[in-house]
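What follows is the residue order along each chain.
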Amino acid sequence: MRRIAVRLLLALLVALTAALGTAPAQAAVPDSPAVTYTNPIAEKRADPHIFKHTDGYYYFTATVPEYDRIVLRRATTIQGLSTASEVTIWTKHSSGVMGAHIWAPEIHFIDGKWYVYFAAGSTSDVWAIRMYVLEGTGANPLTATWTEKGQITTTWESFSLDATTFVVNGVRYLAWAQRNPSENNNTSLFIAKMANPWTISGTPAELSQPTLSWETVGYKVNEGPAVIQHGGKVFMTYSASATDANYCLGMLTASATADLTNPASWTKSSTPVFQSNASTSQYGPGHNSFTTSEDGKSDILVYHDRSYKDISGDPLNDPNRRTRVQKVYWKADGTPDFGIPVADGVTPKRFSSYNFADRFIRHWEYRAKIEANVSPLADSQFRVVTGLAGTGTVSLESANFPGYYLRHKNFEVWVEKNDGTSAFASDASFYQRSGLADSAGISYESYNYAGRYIRHYDYLLYVQTPATATDRGDATFYAQ
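The text that follows walks through the structure, step by step, so that each part is easy to find. Computed from a predicted model, the values in this text were never measured in an experiment.

## Section: the overall build of the protein
Next up, step 1: When its secondary structure is counted, the protein shows three helices and 35 strands.
Next up, step 2: Dimensions of the protein, computed from the C-alpha atoms along their principal axes, are close to 100 × 55 × 45 Å.
Next up, step 3: Residues counted as buried form 54% of the 480 residues belonging to the protein.
Next up, step 4: Once local pairs closer than 6 in sequence are excluded, the contacts in the protein between residues at least 24 apart make up 51%.
Next up, step 5: When the accessible area of the protein is evaluated, it comes to approximately 20200 Å², of which 51% is carbon and sulfur surface.
Next up, step 6: Averaged over its 41 positive side-chain charges, the protein has a centre that lies 6 Å from the centre of its 44 negative ones.

## Brief notes about the pattern of salt bridges
Next up, step 1: For the structure on display, the rule yields 22 salt bridges.
Next up, step 2: Measuring nitrogen to oxygen at the nearest pair gives 2.8 Å for the salt bridge that ties Arg69 to Asp68.
Next up, step 3: Measuring nitrogen to oxygen at the nearest pair gives 2.7 Å for the salt bridge that ties Asp427 to Arg407. Of this pair, Asp427 sits in helix α2 (residues 422-427) while Arg407 sits in strand β29 (residues 404-409); the two residues are 20 residues apart in sequence, bridging distant segments of the chain.
Next up, step 4: Its relative accessible area of 12% is what places Asp427 among the buried residues.
Next up, step 5: Put simply, Asp305, Arg322, Arg324 and Asp344 are held in one network by salt bridges that share partners.

## So, the sheet that holds strand β11 (residues 171-178)
Next up, step 1: The four strands are arranged β10-β11-β12-β13 in an open sheet whose pairing can be described as antiparallel. This sheet does not close on itself; its edge strands, each paired only once, are β10 (160-168) and β13 (199-208). Each strand of the sheet is rotated relative to its neighbour by a mean of 25°, with strand direction disregarded.
Next up, step 2: Relative to β13, strand β12 (residues 188-196) runs antiparallel, the two being bridged by six bridges. Residue Leu189 lies in a different strand from β13, and its bridge partner there is Ser208.

## Some points on the nonpolar core
Next up, step 1: Among the nonpolar cores identified, the biggest contains 27 residues, and Phe166, Ile191, Met236, Leu260 and Trp266 are the most heavily contacted of them.
Next up, step 2: Contributions of two or more residues to this core are made by β6 (97-110), β10, β11, β12, β13, β15 (233-240) and β16 (248-255).
Next up, step 3: Counting residues per element, this core draws most heavily on β15, at four residues.
Next up, step 4: Those residues within four positions of Leu260 in sequence are excluded, and the remaining contacts are Phe166, Val168, Tyr173, Ile191, Leu207, Val234, Ala254, Ser255 and Trp266.

Conventions adopted
- Residues numbered from 1 in each chain as written.
- Predicted model: local features only at pLDDT ≥ 70, side-chain atom pairs only at ≥ 80, totals over all residues.
- Heavy atoms only, no water.
- Helix = DSSP H or I, 4+ residues; strand = E, 2+ residues; numbered from the N terminus.
- Buried < 20%, exposed > 50% of the residue type's maximum accessible area, 1.4 Å probe, protein only.
- Contact = heavy atoms within 4.5 Å.
- Areas by Shrake-Rupley, 256 points an atom, 1.4 Å probe, with all protein chains shown as cover.
- Lys, Arg positive; Asp, Glu negative; His and termini not counted.
- Charge placed at Lys NZ, Arg CZ, Asp CG, Glu CD.
- Salt bridge = Lys/Arg side-chain N within 4 Å of Asp/Glu carboxyl O.
- Pairing = 2+ DSSP bridges.
- Axes fitted to C-alpha atoms, helices over the stretch in contact; angles between N-to-C directions.
- Core = buried A, V, L, I, M, F, W, Y, C linked by side-chain atoms within 4.5 Å.

So yeah, pure geometry; function would need other evidence.
Below you can see the structure in the form of structure tokens.
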């Protein structure tokens, strides 16, 4: 009897061990929860720059279509910038330098003072574009006293613009775009260390010139550098080609410990990292900057684009570039994934599995599943909108297929186009509940089959009635 009891106990332990070994590990609440905004943030505002200050305010400046002044807004939230009052802090000169083409202002707070970097032409030559700096004294830059610190002097007295400043390992740098007289292009990217906020030190280094096919459409352009740091790397995005629908973002990458003034420290992306998307009706995304979400847990891409492709006349005379924002996601290898410029309206979210932290809801050939390392990113992004069936429900609309929604069909979950029927509306509507396995998560209960929830099984999505703890975990997701 003892031998039988021991054998039964051993068998039970083996079975329990096997069960525990195959059970999915519970996911932690994500470090970067979902944030949503409603685009556009500002109409007729190009080359946007949003600076999050320690005083609890976001400060926003951008190019106005009249090209004649520098404006500022502030709000305690990014969305609040869309309705914040706007103040003109500086107006172009009536004659001479700084008298035309006031472009691409950026606002920074350095050593207790405010600085605005901008480009301007001259009344005698509107294309004699050079970089200039304003210094502001006062806690609030909208009411600060501003003085002109003059032109930023570089190697050549040539077309130069889009200055941005950043700090890596305690060293402040300036990056900008300039025409190198020895090159057959419009602008290349340069970097230099700074002696003070309006003066570079040393000899500038040329980091990139437009040589790739997508950098040379209409014009041969590398411009609008912007820097974001993550995981010991420095990423410099920049804009390329003409400022129409061909405008797009490229990216340079360097180690934060490398000599950033050595061009060999940087690697250029072979393809655009952000570009026009006809499905979402977003064209010519570019001249970006970066900021962080209100909770400080998400990186935010700030950029401009247009909602239409065809432009009559010179794109510089078209006033309808507008400011937009969306969340930056980080790949497993530590590089940023900007996805696509999402449709106007509320920005999308991603949903990770409670039981498999690295797997996200995505569509693949229209079937919904969970998967890790999703590419393209937009396959795993969904806009949470008012439910098609109404009555307190939500629907999840595909980010890269607007008008397509998660819906159940024979209790399988697919991404399909709304056909306008009441049956589709019911199948594509869900009640958003607290997570069945973790109240910090989310579970989606079917509108027309009470008690059935979206859950994954063998990595495919279904609507089923959760019966076990594992089922409840499979039906719980975290918004990111």
